[in-house]
Amino acid sequence: EHLKVLADVGFTPSPKQLEVINCPARTILVCTGEQWGKSYAAAMWAFGQTFKPKKLSQPKELGWIVGKHYDMTRFVHDYLREIMKKSGLGSGSDIANPGIINVAGGVTVRTKSALDAESLMGESPDWIVVDEAAQLPWDSMLRVFTRAGPKRARIFICSTMEGSIGWFPETV
């Protein structure tokens, strides 16, 4: 159903992006070359996370878009905001420093800076996108994993090897 909405608003994943978007794993790690469309795919995956049917009794849902700094969240934030706006399912801030997107049905999406440790505290998201993860220090990734734990949040981690720090090449 969410893929039909994406197509209706002009967001069409490539076959490889579709494979990633539909992956059922709790943690998804995508390492690709430049200009593959990681941020585009991450936004479409995030849209799928917000699109799940919810019961009225369920608490509000929270999603995070994490980057090394707020500017690194801009692409996923902007793509997701555009999807929400075109589909009529939400609206969001024009900036990602920090950014917020409010989605129909009570989902809130916030951008987070990994270099601002305090931004990764105090709440547990239901899902997380980490963009350009190779540039994040390992202690920042540990904070992301720790915040994901209480709700068993799904995590979409994407990056190129550009600017990679020790932990990332060892992981992929």
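Remember, predicted model here, so these are calculated numbers, not experimental data.

Peer 1: Could you give me a rundown of the environment of His-77, with the residues and numbers involved?
Peer 2: Relative to the helices and strands, His-77 resides in helix α4 (residues 74-87). Judged by relative accessible area, His-77 falls into the buried class, the value being 1%. Each C-alpha atom, one on His-77 and one on Tyr-40, is 9.7 Å from the other, the two residues being 37 residues apart in sequence. Residues within four places of His-77 in sequence aside, it is in contact with Ile-65, Ser-93, Asp-94, Ile-95, Ala-96, Gly-99, Ile-100, Ile-101 and Thr-111.

Peer 1: An account of unusual backbone geometry is needed here, citing residue identities and associated values.
Peer 2: With an omega of -15°, the peptide bond running from Asn-97 to Pro-98 counts as cis. Its location among the elements puts Pro-98 in the loop between β3 (90-92) and β4 (100-103). One non-glycine residue, Gln-35, lies in positive phi territory at about 65°. Relative to the elements of secondary structure, Gln-35 occurs in the loop between β1 (27-31) and α3 (38-50).

Peer 1: Quick one: what's the story with the nonpolar core, residue by residue and with numbers?
Peer 2: If you look at the biggest cluster of nonpolar residues, it comprises 28 residues, and the most contacted ones within it are Leu-80, Val-109, Val-129 and Phe-156. Element by element, the count of residues in this core is highest for α3, at seven residues. By size, the runner-up hydrophobic cluster in this structure holds 18 residues, among which are Val-66, Ala-114, Val-130 and Val-144.

So, how was this worked out
Residues numbered from 1 in each chain as written. Predicted model: local features only at pLDDT ≥ 70, side-chain atom pairs only at ≥ 80, totals over all residues. Heavy atoms only, no water. Helix = DSSP H or I, 4+ residues; strand = E, 2+ residues; numbered from the N terminus. Buried < 20%, exposed > 50% of the residue type's maximum accessible area, 1.4 Å probe, protein only. Contact = heavy atoms within 4.5 Å. Core = buried A, V, L, I, M, F, W, Y, C linked by side-chain atoms within 4.5 Å.

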